[in-house]
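# Examining the three-dimensional arrangement
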Amino acid sequence: MQKGFLHKASSGAAADSAAKKTAAGPSEEVTKEIREDLSNMDIGDEGKEKPVSAAPTGKDETASGSGSTEKPKMGQPTMNIGNQARLFKLGAPRKNPVACIILGMAGSGKTTLMQRINVYIHQNQLPSYIINLDPAVRSVPYGCNIDIRDTVNYKEVMKQYQLGPNGGIMTALNLFSTKFDQVMSLLEQRADELKHIFVDTPGQIEIFTWSASGSIISDMLAYSFPTVAVYVVDTPRNASPVTFMSNMLYACSIMYKLRLPFVLVFNKTDIASADFAMEWMTDYEKFRDAVSKEKAYSGTLSSSMCLALEEFYRNLRPVCMSAVTGEGTDRLFEAIGQAAQEYADVYRPALEAKAREKEA
């Protein structure tokens, strides 16, 4: 099989030590097979894209048969991302697996949360898939069933298209998303055996939430499986009411952008309790008293926005947990189950209505 423009890189991902002890768990049994399937993905057969592994040399290249010279064009690669949306149609209704897209600001503890989730699904024998979509991470402390680094070489992308770190991550994710239908095929093959699909996104949150590739990936998952957005908050860093409000505004924008059931995780409760956040979300007077100490205009703005976000708070499922100690992990999985039910009751009918409109 031809690999085309996606370059195979070594994964180097080490499984979590606790997960290794229970390596007989269902999700690890198929990891090797899935990696082999991914390495044989029929990617780039059209021959339109230039191989990522063939980094530009900066020298003039001679066109075959013409004798003329032309420098390779630099810039963004040609990617027909929109084709993925047209390839996929709404699948049949199903309860499992539940796809969970893990989102959060850099440093909020997403990777540690994914490690805790990996330990939990092995300890409780919950057959699940874990997908890593961060091409720039050097290593992950959990075993991935599907890893973008096995398919796209992030450093070669930066070199090939002369991009910076963020541009390289976005382009690598765009390249991967052009063939995400092949990833979906792999997931469909195992769907009847799985309980969950966990998707770890890049640390630069805007790269996934506000890019075409992020929309394509989230929509394709939502069209095939019950899908939930899990937003991770760094609790200690949100003790300031103004910082808390800015984070909630960002979470609100992501929820309406993705149009998916939402689970809000207040992480790192082993460092600082999240009781203040729960109070601010349910009692406006408490938040107003806290924000009144802010003398700048941001204090007044935050106080006003709190009233505007009351409806947003009602649709949330807040979970207080520590990814390090594991406290609250049970509540996280309960909230994911409730969000999956909301998908079936509210979001799935909306997708079906949208599909009927397109067919009409």
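Please refer to the structure higher up on the page.
Scope of this entry: the structure provided in the associated data block. (Residues numbered from 1 in each chain as written. Predicted model: local features only at pLDDT ≥ 70, side-chain atom pairs only at ≥ 80, totals over all residues. Heavy atoms only, no water.)

### Some details on the pattern of salt bridges
For the coordinates displayed, the defined rule picks out 11 salt bridges. One salt bridge in this structure joins Asp 147 and Arg 149, with 2.7 Å as the shortest N-O distance. Assessed through its relative accessible area of 5%, Arg 149 is described here as buried. A salt bridge links Glu 156 to Lys 159; the nearest nitrogen and oxygen atoms lie 3.7 Å apart. Linking Glu 156 with Lys 159, this pair stays in helix H6 (residues 154-161), spanning three residues, or about one helical turn. Assessed through its relative accessible area of 16%, Glu 156 is described here as buried. Residue Lys 159 is classed as partly exposed on the basis of its relative accessible area of 47%. (Salt bridge = Lys/Arg side-chain N within 4 Å of Asp/Glu carboxyl O. Buried < 20%, exposed > 50% of the residue type's maximum accessible area, 1.4 Å probe, protein only. Helix = DSSP H or I, 4+ residues; strand = E, 2+ residues; numbered from the N terminus.)

### Examining the sheet that holds strand E7 (residues 227-234)
Read from one edge to the other, the open sheet built from seven strands follows the order E5-E4-E6-E3-E7-E8-E9, with strand pairing classed as parallel. Each end of this open sheet is capped by a strand with a single partner; those strands are strand E5 (146-147) and strand E9 (318-320). Where E7 meets strand E8 (residues 262-267), six bridges bridge the pair, whose relative direction is parallel. In the strand pairing of E8, Ala 229 is matched with Phe 262. (Pairing = 2+ DSSP bridges.)

### Re the packing of aromatic side chains
Throughout the structure, instances matching the rule amount to 10 aromatic pairs. Ring centres of Phe 244 and Phe 287 lie 6.3 Å apart, and the angle between their planes is 50°; this geometry places the pair in the tilted category. Of this pair, Phe 244 sits in helix H11 (residues 241-258) while Phe 287 is found in helix H13 (residues 284-291), placing the two residues 43 residues apart along the sequence. With a relative accessible area of 0%, Phe 244 lands in the buried category. Centroid distance Phe 276 to Trp 280: 5.0 Å. Interplanar angle 70°. Geometry classified as edge-to-face. Placement of the pair is Phe 276 and Trp 280 together in helix H12 (residues 275-282), with a separation of four residues, close to one helical turn. Of the two residues, Phe 276 and Trp 280, neither departs from the other in class, the shared state being buried. Following the ring pairs from residue to residue traces out a cluster consisting of Tyr 231, Phe 262, Phe 312 and Tyr 313. (Phe/Tyr/Trp six-rings, centres within 6.5 Å; stacked < 30°, edge-to-face > 60°.)

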